[in-house]
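Listed below, chain by chain, are the residues.
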Amino acid sequence: MENVLKSTGTGAVNTGPNGTTHRSVQPMGAKYTTAGQCNSQPERGNRYVWAVPYDATDVTKAECLVQAPPLDCKQADWSRSNHLGNGVNGEANRYQWTLPFFPSNSDKRCVFRMRYNISTDDYAPYSTDSTKNLNDGIEGIASPIEDNPYVDVGGRSALRLNINTDQTGRIFQDRSHVFKLLSRPAEIKSDKIFNVNVRGKRGNIVQVYPAVEYDFIPNNLQMSATDSVHIQWTGSNSHNNGGGGGDGQAGDEGQGQGGTDRSNIVQIADLNDNFPMPFERSNMWNNANIRWIYHGKTDVSAENLAVTMASAGYYRCVKKSDCPEAEHNNYIVETKTKMNNLLNNAPASFQGAVLRFQRGTYHYMSTRNNNFSNRSQKSTITVV
């Protein structure tokens, strides 16, 4: 039986006669040149298979491919209605995704598609389709659900329900995102890495709807002392919530220059606190080992790491003597133009650092977005 060839956003896949799916990793052909070599080389959870890639110029020539992991199909976590995805204990529901590892160690252009489905039990979901639509002039068709139906509850007057059939049993917010998975530097190739990022957008709760205000994600990360965490985020200088405001109200209430996203990280002693700890009393950055950092200089002091995180990369070092290399000349506290206290001239996005922490509990917040009266951008890392 011939193979059926397909492609996906994370590279090529090949569905063989037995229904198994494989990702094509071209360099493996040069590394493992026989079926015996290929099939006996498990690496980082991947399983290699000897098969024909989807983009082969010779469909009779097999090579070493990586088998894709099985689909992870599960029931969505419970979420309270009308609370924007908040689940148990008030934390945001999320899917913990283990990013694929590509033995070729090359960058991969990926497509991530997310669909938000609304289902209902008001009618039989698997036997109700367009043939059940109520069309004027066609007899014998009784739709199981109608717009704003009237129901008889035994009184003299019927009651009307608030139902819009356009909103039941459908897909909302079908969105696609294009991104890159970058190859890991050699020094962190084998690390187990968690990701800490920023979710939400600028504005108050009614302006950002159906999104949420700024927050770190995850809010509570638990990891071991041998794990690493990549702290990073993306932002914008052109946020526009004018006009009709979409689903929410127009406007972008928040701190700093309108239309801009900014985040940073400073340590706090407790999640109930809204003032950062002085560096001399903090321990988060003293207890961090830099595995990788965006500017390449991993031998920076705890103080300089704290300054980098607090300034979102606007500064790299306090003194010139701390960073004598030429590539850091424009990022020294002593000589660079003073950073705006609301981070207006700081970078919107931050490639961050991969860190390994000693055992302990570390609370932190963003100074710009943490607003005591109506929003909180705080989080905790617990290392056991």
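Since the model is a prediction, treat every value here as computed from it, not as a measurement.

### Things to note about the pairing of strand β12 (residues 220–223)
Phase 1 of the analysis: Across the two faces of β12 the burial differs, with L221 and M223 buried and N220 and Q222 not buried at all.
Phase 2 of the analysis: Pairing of β12 with strand β18 (residues 378–383) involves 4 bridges; the strand directions are parallel. Looking at the pairing, Q222 lines up with T382 of β18.

### Quick word on the environment of S376
Phase 1 of the analysis: In this fold, S376 is placed in the loop between β17 (360–365) and β18.
Phase 2 of the analysis: For the pair S376 and D215, spaced 161 residues apart in the sequence, the C-alpha separation amounts to 6.9 Å.
Phase 3 of the analysis: Other than its neighbours up to four places away in sequence, S376 contacts Y214, D215 and N370.

### Section: the sheet that holds strand β14 (residues 266–268)
Phase 1 of the analysis: Ordered by their spatial adjacency, 4 strands build an open sheet running β12-β18-β17-β14, and the pairing between neighbours is mixed. Both edges of this open sheet fall to β12 and β14, since each of them pairs with a single strand only. On average, each strand axis in the sheet is inclined to that of its neighbour by 30°, with strand direction left out of account.
Phase 2 of the analysis: Sheet analysis places β17 next to β18, joined by 6 bridges and oriented antiparallel.

### A few points about empty space enclosed by the protein
Phase 1 of the analysis: Following the criterion strictly, the structure yields 1 cavity of 30 Å³ or more and no others.
Phase 2 of the analysis: If you add up the space inside the largest cavity, you get close to 50 Å³.
Phase 3 of the analysis: Split by residue class, the lining of the largest cavity holds 1 nonpolar, 4 polar and 5 charged.

### Considering helix α4 (residues 302–310)
Phase 1 of the analysis: With respect to burial, α4 is a largely interior element, 7 of its 9 residues being buried.
Phase 2 of the analysis: By the burial criterion, the buried members of α4 are A302, N304, L305, A306, V307, T308 and M309.
Phase 3 of the analysis: Here the buried face of α4 lies against β13 (228–233), β15 (288–293) and β16 (350–357).
Phase 4 of the analysis: Following α4 by one or two positions, A312 adopts a phi angle in the positive range, close to 55°.

### Details of the state of the cysteines
Simply put, disulfide is the name for a covalent bond between the sulfur atoms of two cysteines.
Phase 1 of the analysis: Summed over all chains, the structure comprises 2 disulfides.
Phase 2 of the analysis: Here C38 pairs with C64 through a disulfide, and the sulfurs are 2.1 Å apart. One disulfide, between C38 and C64, carries an S-S torsion of 85° and so falls in the right-handed class. Separated by 26 residues along the polypeptide, C38 in helix α2 (residues 35–39) and C64 in strand β5 (residues 63–67) bring together distant segments of the chain.

### A closer look at the nonpolar core
Phase 1 of the analysis: If you look at the biggest cluster of nonpolar residues, it comprises 30 residues, and the most contacted ones within it are V229, W285, M309, L355, F357 and I381.
Phase 2 of the analysis: Contributing elements (two or more residues each) for this core: β10 (193–199), β12, β13, β15, α4, β16, β17 and β18.
Phase 3 of the analysis: Within the second largest apolar cluster, 7 residues are counted, among which are Y314, Y315, M339 and L343.

### Brief notes about the packing of aromatic side chains
Phase 1 of the analysis: Per the counting criterion, the structure on display carries 9 aromatic pairs.
Phase 2 of the analysis: Each ring, one from W97 and one from F179, has its centre 6.3 Å from the other, and the planes form 85°; the classification is edge-to-face. Highlighted residues: W97 in the loop between β5 and β6 (108–118) and F179 in strand β9 (residues 170–181), separated in sequence by 82 residues.
Phase 3 of the analysis: By relative accessible area, F179 is classed as partly exposed at 26%.

### Quick look at the pattern of salt bridges
Phase 1 of the analysis: Under the criterion given, the structure shown has 8 salt bridges.
Phase 2 of the analysis: Here E91 and R94 are joined by a salt bridge, their closest N and O atoms 3.9 Å apart.
Phase 3 of the analysis: Measuring nitrogen to oxygen at the nearest pair gives 3.7 Å for the salt bridge that ties D215 to R199. Remark: R199 occurs in strand β10 and D215 occurs in strand β11 (residues 215–217); sequence separation between them is 16 residues.
Phase 4 of the analysis: Among the charged side chains, a salt-bridge network with shared partners connects D191, R291 and R356.

### Structural notes on the side chain of S379
Phase 1 of the analysis: Structurally, the position occupied by S379 is in strand β18.
Phase 2 of the analysis: Overall, S379 belongs to the buried group, its relative accessible area being 1%.
Phase 3 of the analysis: Within the structure, the side chain of S379 is placed 2.8 Å from the backbone oxygen of P218, a separation counted as a polar contact.
Phase 4 of the analysis: Non-local contacts of S379, meaning those with residues more than four positions away in its chain, are made with F216, P218, N219, N220, L271, Y362, H363 and Y364.

### Observations regarding the sheet that holds β10
Phase 1 of the analysis: Judged by pairing direction, the sheet is mixed, and its 5 strands sit side by side in the order β11-β10-β13-β16-β15 without closing on themselves. Two strands lie at the open edges of the sheet, namely β11 and β15, each paired on one side alone. Looking at each pair of strands side by side, their axes are set apart by 25° on average, direction ignored.
Phase 2 of the analysis: Looking at chain direction, β13 and β16 are connected through 4 bridges and run antiparallel.

Rules behind the numbers
- Residues numbered from 1 in each chain as written.
- Predicted model: local features only at pLDDT ≥ 70, side-chain atom pairs only at ≥ 80, totals over all residues.
- Heavy atoms only, no water.
- Buried < 20%, exposed > 50% of the residue type's maximum accessible area, 1.4 Å probe, protein only.
- Helix = DSSP H or I, 4+ residues; strand = E, 2+ residues; numbered from the N terminus.
- Pairing = 2+ DSSP bridges.
- Contact = heavy atoms within 4.5 Å.
- Axes fitted to C-alpha atoms, helices over the stretch in contact; angles between N-to-C directions.
- 1 Å grid on protein atoms, 1.4 Å probe; cavity = no way out; pocket = protein on both sides within 12 Å on 5 of 7 lines; lining within 4 Å.
- Points joined across faces, edges and corners; volume = space filled by probe spheres on them.
- Nonpolar A, V, L, I, M, F, W, Y, C, P; charged D, E, K, R; others polar.
- Disulfide = S-S within 2.5 Å.
- Core = buried A, V, L, I, M, F, W, Y, C linked by side-chain atoms within 4.5 Å.
- Phe/Tyr/Trp six-rings, centres within 6.5 Å; stacked < 30°, edge-to-face > 60°.
- Salt bridge = Lys/Arg side-chain N within 4 Å of Asp/Glu carboxyl O.
- Polar contact = N/O pair within 3.5 Å; in protein donor to acceptor, adjacent residues only side chain to side chain.

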